[in-house]
Amino acid sequence: MKRTVTCTVCPNGCEIGIEYNTKEDAVLNGYGCKRGVSYALDECFEPKRTFTSSVKISGSDRRVLPVRTTKPIPKSILMKAAKEVEGISLKAPIKCGEVIENDFLNTKAKLIATMTLEGENA
Amino acid sequence: MIKTDVLIIGAGAVGCALARELSKYDINVTVCDKNDDVGGDASKSNSGLFSTSATMPVGTLECKLRTIAHSMMMNICKDLDVPVIECGSIAPILYPDQLETAKGLTEKAFLNGVYDYEILPAKDILEMEPTLNPEILGGIYSPRDKQANQFILVSAMAENAAENGVQFILDCKVMGMDVSNGKIHKVHTSKDDIEAKWVINAAGLYCDEISKMVDECDFTVHPRKGEFYVFSHDTPVKVSHIISSVPSPKTRGVLVIPTVDNNMLVGPTADDVEDKTDKKTTSEGLASIKAQALKMVPGLHFEDTITQFVGVRPARIPEGYDIRFSEKVKGFIGISGVRSTGLTASVGIAGYVVHGMKEAGLELNRKVGWKRTRKGIIRFADKTNEEKDALIKNDPLYGKIVCRCEQVTESEILQAIHRPVGAKTLDAVKRRVRAGMGRCQSGFCSPIVIEIIARELGIPEEDVRKRGEKAFMLDKQ
Amino acid sequence: MKDCNYDIVVVGGGPAGLAAAISAKKNGAEKVVVIERENRLGGILKQCIHAGFGLQYFGEELTGPEYAERFSVLAKENGIDFLLNTTAIEINEKTLICVNTDGVINISFGALVLAMGCRERTRANLMIPGSRPAGIYTAGTAQKLINIYGHRIGKEVVILGSGDIGMIMARRLSLGGAKVKAVIEIMPYLAGLVRNKIQCLDDFDIPLMLSHTVVDINGIDRVESVTVAPVDENRRPVMEKVETISCDTLLLSVGLIPENELTRSADVTLSGITKGAVVNQFKQTDKPYIFACGNVLHVNDLVDHVSHESEDAGKFAALYALGKLEQNNEIPVTPGDGVRYVCPQRIACENADVDLYFRTLIPGRQTTLTVLDDSGILITKKLIRTTPGTIEKLTIPADKVKKIKGKIVVCAEHKEVCI
């Protein structure tokens, strides 16, 4: 297999070439630093993304609460994650960083609130 | 089924002027319109000019009614609290062959009773309007041409009519009529059926379709598209007079218009199109306006335009105002051929039609206590800081600025919604109080205005419309 | 009318305003107030719920609301006053006039920091022809409707402009179940960050149509489709090759404009290129008691930069208010070949480092950035890759600042142009 990955670790945007059969025997070129190597390998073998979205909330001046995962989750389950959070409905007050789900979709990543919302009477 | 003495079809300038005129008398009057708001089609998207009859076809009904109306208009605007700028107009003479045309026009103006329409030397014109092309050969000055916010005028007439008892039914399209034995028995609409002794066709662009329903249509109405630019308040080169082209036999040409709202309007084009709903701006149209306007006012900054829009005006074939009391169908009055001159002429047409109804036997008894005046919505942005403070003390919602660009407050938006014949859509709010009319073109305020409209009308936010029947702002599942 | 007095008044409670206020306080200003029109601090970051903020400033990746919350907590801890739900409407000499539901407030100040942010360019700015139906939104407005109000805005979306907000909205809409049919960019290269193309477009198989533009919008009530055409090298549409893409929503992500209407009321000189105030390295405008920072000064790429710049603005505003900011002769800084603008536009030759922030004109590789004065090159820096979407920064060290001759020019030269 042969492909090119544009590195997004820094603004240099190295075009990293990668040739492989398995992760172990992959040969890379065009990278500017070590971080690029691990980025390119991840993109080829287990691409991950931090998932951010919002969930319904009541008892606040806001209707939705922004949330994210505490670490990147597999890219392949992003749509599933989006469906999952559609079903979540919370009540204010809630603090920024508060855990909403401990093991979000069995990824070992937590789903946390990214904004503090006081209750309506606060 | 709704029963009324008079049904006016169309809530544009003519329909609303008629409604106000008839509201003086002790009869039931109903106005229906297919749109969500008053203002019709042509009446709400034009240049807002009150011009004299100088260049009108001599001896026509149009010329007569516009002359009469022009002299009434300032009083009516005062009564209805409609701001007008008395800026006068200048038509710069750019080419030698326009000199002859200009002379011809002054003679025509004299015949039309406009004695203060004169050709001035270039030097004097440039002193009055230094933004003009310094190469001009002279200019025609017409001191009594004025500009108003055409929508505020039409909605003020509607509000005043409603306060005096006229019923307005909007989002209500006339679908057909039961006509037999020379009488209209029923008018079918997209809402209730309406039974009326008199039916007045003031449907403007669509008056041919209404007249067909009573088989009284010996004319056609063609949509003529006019594109405009709107300039921001802070563009550096601004005209202080209405700048118009010297009209050629083919076209009236482009105008550069200072407005009461301190935006300049530049346009229109005049393109005959097929489709009455075609309100598309075009690259060609906008480019041709720009080229023509720059010949007259070379310093215009077109990069300062905040929006471009299209107004569709009705072009009747054969041309000319036609006001007809049907002989075939009793009680049907057809008004057609009213074009851009109709904004000014509307109040003349109203008087003319009502007089005709009396002649035709309608007994009109003047109401006691008819309200002549109407107060506009107080605009926060126009006030001094002391006045602003007083407004807020009296109504704290004047302290909640919703549209930052035009400094429009929540109080003004609530008034726009809750006044008689109030706003139900974003565009209707915008036309009344200018929320969304500024440099960001509603980017910042539209989410808030959607929320306010939904709350005040008691509807889900998904049902809030920009305008029209199905122009939903959000995704209606 | 109410009157009050502060050492420092900051207009805008977004990232720029908060950083400036905190810094002003830390640098000796006693009474500091932030004026914010909304009911919550954080500005535009509140609606930027995606990650990617704070890598430079905090050394960790945060979402917009988290980044904002760190600063608002700090601001509260530092004893800064806030006037929420309050709009500044006019600057009258050394008084700021504000409005809220209690009335008009006149706030006199020692120094004023402008941090009002920016607005989005509209369809009218681009003069896109066509009809005017519902369903046309700027990307930021769409972002607010979705992330703040919890609305759905459409089912089938076309996005004009490959700016970052547009691409981020492409992902947000896709995750929300909408179909994003294309992102259309008139230039032959991406306007935003490559990272966003990969994570927001490629991840969702959204086609990016470079060198294309929208030439017509169709639909009477709601958008029904847009007509798209490729453009020639002069960016003129090739009308023989148009295609129609059906959609119910058109998003525009075509650039930002600093929101300087309040600034105009103070008669501050604005730059025709950045559309923000002309400032020196203290972020001081030509009205010495008025400072500006963040996107109202020039549109930034990263909020981390905004925080740093705004801390400077707050610091020097405080020093000015305390009478400790000396006024030296200033020399002009201008963009040279390959550079679109430089901020600051003037520098005072103090005995301190001076940071120059600028954008290049076109994307390229193996770029040499140079700062010159009348006597020659002051500093140079080589970069593997530069794009106009990224702000570059060069620092003139203190020892060189003192010796500058004539005026400063900043240039960028690419070995290889990436178009």
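Definitions and limits used
Residues numbered from 1 in each chain as written. Chains lettered and ligands numbered in written order. Predicted model: local features only at pLDDT ≥ 70, side-chain atom pairs only at ≥ 80, totals over all residues. Core = buried A, V, L, I, M, F, W, Y, C linked by C-beta atoms within 7 Å. Buried ≥ 20, exposed ≤ 12 C-beta atoms within 10 Å, placed from the backbone. Contact = placed C-beta atoms within 7 Å. Helix = DSSP H or I, 4+ residues; strand = E, 2+ residues; numbered from the N terminus. Pairing = 2+ DSSP bridges. Expected span 1.5 Å × (residues − 1). Arc of directions from axis to C-beta.

Quick look at the nonpolar core
And then number 1: In this structure, C:I8 and C:V113 are the most contacted members of the largest nonpolar core, which totals 156 residues.
And then number 2: When residues no more than four places from it in sequence are discounted, the contact partners of C:I8 are C:A24, C:A29, C:V32, C:F109, C:G110, C:A111, C:V113, C:A317, C:A318 and C:A321.
And then number 3: Among the nonpolar cores identified, the runner-up in size contains 110 residues, and B:V31, B:A91, B:M157 and B:V266 belong to it.

Points about the pairing of strand β8 (residues 103-114) of chain C
Every regular strand shows the same layout, with side chains that alternate between the two sheet faces.
All names here are of chain C.
And then number 1: Within β8, nine of the 12 residues are buried, which leaves the element mostly enclosed by the surrounding structure.
And then number 2: With nine bridges connecting them, strand β1 (residues 2-11) and β8 associate as parallel partners. Counted as the bridge partner of D3 is N106 from β8.
And then number 3: As judged from the six bridges shared by strand β7 (residues 95-100) and β8, these two strands associate in the antiparallel manner.

Some words on the interface of chain B and chain C
And then number 1: Facing the 42 residues of chain B at the interface are 36 residues of chain C.
And then number 2: At the level of elements, α7 (283-296), β18 (305-317), α9 (385-394), α12 (446-457), β23 (465-467) and β24 (471-472) of chain B are the ones that each hand at least two residues to the side of chain B that touches chain C.
And then number 3: No other element matches α9(B), which puts six residues into the side of chain B that touches chain C.

Quick notes on the environment of B:R404
And then number 1: Along the polypeptide, B:R404 turns up in the loop between β21 (401-403) and β22 (408-409).
And then number 2: On a C-alpha basis, the gap between B:R404 and B:G267 in space is 27 Å, while along the polypeptide they are 137 residues apart.

Some points on the arrangement of the chains
And then number 1: Taking contact number as the criterion, the leading pair out of two pairs of chains in contact is chains B and C.
And then number 2: In this structure chain A stays clear of chain B, and the shortest span between their C-alpha atoms is 12 Å.

Describing the interface of chain A and chain C
And then number 1: Taken together, the contact pairs 25 residues of chain A with 22 residues of chain C.
And then number 2: If you list the elements that add at least two residues to the side of chain A that touches chain C, you get β5 (52-58), β6 (64-69) and α2 (78-86) of chain A.

A short note on helix α3 (residues 96-111) of chain B
Residue and element names in this part refer to chain B.
And then number 1: Look at α3: 24 Å from first C-alpha to last across 16 residues, which is about the 22 Å you get at 1.5 Å a residue.
And then number 2: Residues Q98, A102, L105 and A109 constitute the buried set of α3. Buried residues along α3 cover an arc of 60 degrees about the axis, so they all sit on one side. Looking at α3, the residues exposed on the side facing more than 90 degrees away from the buried face are P96, D97, E100, K103, G104 and E107.
And then number 3: Packing partners of the buried residues in α3 comprise β5 (89-93), β6 (118-121) and β7 (138-142).
And then number 4: G113 sits one or two positions beyond α3 and adopts a positive phi of about 80 degrees.

With respect to the sheet that holds strand β8 (residues 146-148) of chain B
All names here are of chain B.
And then number 1: The strand order across the open sheet formed by three strands is β3-β8-β4, and the pairing between neighbours is antiparallel. Sheet topology places β3 (49-50) and β4 (84-85) at the edges, where each strand pairs with a single neighbour.
And then number 2: Pairing analysis gives two bridges linking β3 to β8, with the strands arranged antiparallel. Each bridged residue has a counterpart across the sheet, and for F50 the counterpart in β8 is K146.

Quick word on unusual backbone geometry
Most peptide bonds adopt trans geometry, and most residues besides glycine take a negative phi value.
And then number 1: The omega torsion of the bond from B:G267 to B:P268 falls at -5 degrees, within 30 degrees of zero and hence cis.
And then number 2: Along the chain, the position of B:P268 falls in the loop between β16 (264-267) and β17 (271-272).
And then number 3: Cis rather than trans, the peptide bond between B:I317 and B:P318 has omega equal to -5 degrees.
And then number 4: Locating B:P318 in the fold gives a position in the loop between β18 and β19 (322-325).
And then number 5: The phi torsion at C:M127 lies on the positive side, around 55 degrees, for a residue other than glycine.
And then number 6: Relative to the assigned elements, C:M127 resides in the loop between α3 (123-126) and β10 (136-138).
And then number 7: Residue C:M127 is classed as partly exposed on the basis of its C-beta count, with 17 C-beta atoms lying within 10 Å.
And then number 8: Even without being a glycine, C:K283 presents a positive backbone phi close to 65 degrees.
And then number 9: Secondary-structure assignment places C:K283 in the loop between α7 (261-265) and β19 (290-292).
And then number 10: We classify C:K283 as buried; it has 28 C-beta atoms within 10 Å.

Topic: the pairing of strand β23 (residues 354-360) of chain C
All names here are of chain C.
And then number 1: Judged by how many residues are buried, β23 sits mostly within the fold: six of seven residues are covered.
And then number 2: In terms of strand pairing, strand β21 (residues 339-343) meets β23 through four bridges, oriented antiparallel. Across the sheet, the residue bridging to V339 is T360, located in β23.
And then number 3: Summarising the sheet, β23 and strand β26 (residues 392-396) pair through five bridges and their orientation is antiparallel. Following the sheet pairing, Y357 is matched in β26 by K393.

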